[in-house]
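# Topology and contacts: notes
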Amino acid sequence: MTENNLFKIFLKYTSFNVFGMIALSCYIFADTLFISMGIGVDGLTAINLALPIFSLVNGTGLMIGMGGGTKYTLAVSRDNHEEANRVFTNTLYLSAAAASVFVVLGIFFSGNIAVLLGANDRVMYNTEIYLKMLLLFSPAFILNNIIQCFVRNDGSPHLSMIAMIIGSMSNIVLDWLFIFPLGMGMFGAVLATCISPVLSILITMQYFIRKKNSFHVAKTGISGKLVGGILSSGFPSFLAEISTGIVLIVFNFLFMKTEGNTGVAAYGVIANLWFIVVSMFTGISQGIQPIISHNYGRGNYNNVKKVLKYGLILMGIISAVIYSIMFFGAEYVASIFNSEHNDLLQFIAEEGLKIYYISCPFVGFNIIISIFFTSTEYPVPAHIISVLRGFALIIPMAFLMSFLGGRIGLWMAFPITETIVAVIGIILYILRNNKLRQYNKA
């Protein structure tokens, strides 16, 4: 494969996935925007308290989907189609088990979860109803992630992108319809979000109806080895997503303690926009994953490194653009979500946009390098990066920086954490690259 052809394949996969993931992230963005306009500060507080559960559900779907997709691509690259079908089947087993747990939590424990997340009497009703609906529709969110990963890795990234975009656009339209003309409030907002993955799944069903799929459900039982491999390969994707939720919980607690509901609402502006940023980096990582896995499975290690380089360059460009927008346009961006013209919310949000988003290139690097490790069957460094980002470093850093520097210190905790992890990631990559060089010489 020439470098020119490799770059074209990279552009094809990453462009489809970046646009598709941006569309997917608009689930929450549309909710935040319309809730801020239709319900106000209390609505923003409620959705921000509930977002960690969205991260948990979506992260579970990504873990199973990305893990299964990686193992599927490696099996296909080695012409082991029977193993590929066993991977797909065990991925479905895992998704059913995870979805069952979430549904039970939604039916019986959504109120308890709302309390644990910090909801007070003022926002309890809206928080609980958002949580209950998200958990009850978790099978759709998880299955959508899995189908998107397998369809993309089966050579149809365009269909995956189309399905995600249609799902997201329907969410925006339904958000407006349910919140404003129909006056359904928070229930309408979350209902629109929950319908979106269902529509995405229906779009991708044509792939199976037309029998274009190379993967099929196999007559096989649950394989502990396969399940372990899927979870191991997908775990970094899970923690990359869930780390956002963990950061939300910690920051919500600290902002509620120091600034009250308005502080949580202001942080909600930053956090909800952050979902879109992370989705871009996740889109790049999902785009390069099948290419890296395929070339690694074939022994083309030079192509593996080239694709990683392309991904990091694209990430750097996107990071520069995003931070420029957030720094110079902070006042305008914050005002979009401040329909009540709350001066305190506006001030805290502007301050946060300028500091929090310094972390863009470091977060992007950490997400992409983690996928590189798992795609080359070397998951331990990815797990180290994910654990540090997810809770081991960010939680103590948030409390420490909040104690030392107040609100400014709290904003700085996230970029400091991601920078430290990125340095560790570079060291781990150098060690991995030396091994790949040895394999290449052999």
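A quick note: this is a predicted structure, and the numbers were derived from the prediction, not measured. (Residues numbered from 1 in each chain as written. Predicted model: local features only at pLDDT ≥ 70, side-chain atom pairs only at ≥ 80, totals over all residues. Heavy atoms only, no water.)

This next bit is on the nonpolar core. Most often, soluble globular proteins keep nonpolar side chains buried together rather than apart. Residues Phe251, Tyr267, Ile270, Trp274, Leu353, Tyr356 and Tyr357 are the most contacted members of the largest nonpolar core, which totals 131 residues. A total of 29 residues in this core trace back to one element, the largest contributor, which is helix α8 (residues 224-298). Apart from the residues lying within four places of it in its own chain, the contact partners of Trp274 are Thr244, Tyr356, Tyr357, Ser359, Cys360, Val363 and Phe414. Phe238, Leu239, Ile242 and Ile246 belong to the second-largest nonpolar core, a separate cluster that totals five residues. (Core = buried A, V, L, I, M, F, W, Y, C linked by side-chain atoms within 4.5 Å. Buried < 20%, exposed > 50% of the residue type's maximum accessible area, 1.4 Å probe, protein only. Helix = DSSP H or I, 4+ residues; strand = E, 2+ residues; numbered from the N terminus. Contact = heavy atoms within 4.5 Å.)

If you trace the backbone, Met184 turns up in the loop between α6 (157-179) and α7 (185-209). In this structure the C-alpha to C-alpha distance between Met184 and Ile47, which are 137 residues apart in sequence, comes to 15 Å. Not counting residues up to four positions away in its chain, the partners in contact with Met184 are Phe178, Ile179 and Leu191.

An ideal rise of 1.5 Å per residue puts 52 Å on 36 residues; helix α3 (residues 81-116) reaches only 45 Å between its terminal C-alpha atoms. When the local axis directions of α3 are compared, the greatest deviation, roughly 85°, occurs at Phe109. Note on α3: the residue one or two positions beyond its end, Gly118, has a positive phi of about 105°. (Expected span 1.5 Å × (residues − 1). Bend = angle between axes of the 7 residues up to and from the residue.)

To continue, consider the pattern of salt bridges. Taken as a whole and judged by the stated rule, the model has six salt bridges. For Arg298, the salt bridge is made with Asp79, and the minimal N-O distance between the two is 3.9 Å. Of the two residues, Arg298 sits in helix α8 while Asp79 sits in the loop between α2 (41-77) and α3, which places them 219 residues apart along the sequence. Here Arg407 and Glu351 are joined by a salt bridge, their closest N and O atoms 2.6 Å apart. Here Arg407, found in helix α14 (residues 394-441), pairs with Glu351, found in helix α11 (residues 343-356); they are 56 residues apart in sequence, far enough to count as distant. Residue classification places Arg407 among the partly exposed positions, given a relative accessible area of 22%. Note on Glu351: relative accessible area 15%, which makes it buried. What emerges from the salt-bridge pattern is a single network uniting Glu259, Glu351 and Arg407. (Salt bridge = Lys/Arg side-chain N within 4 Å of Asp/Glu carboxyl O.)

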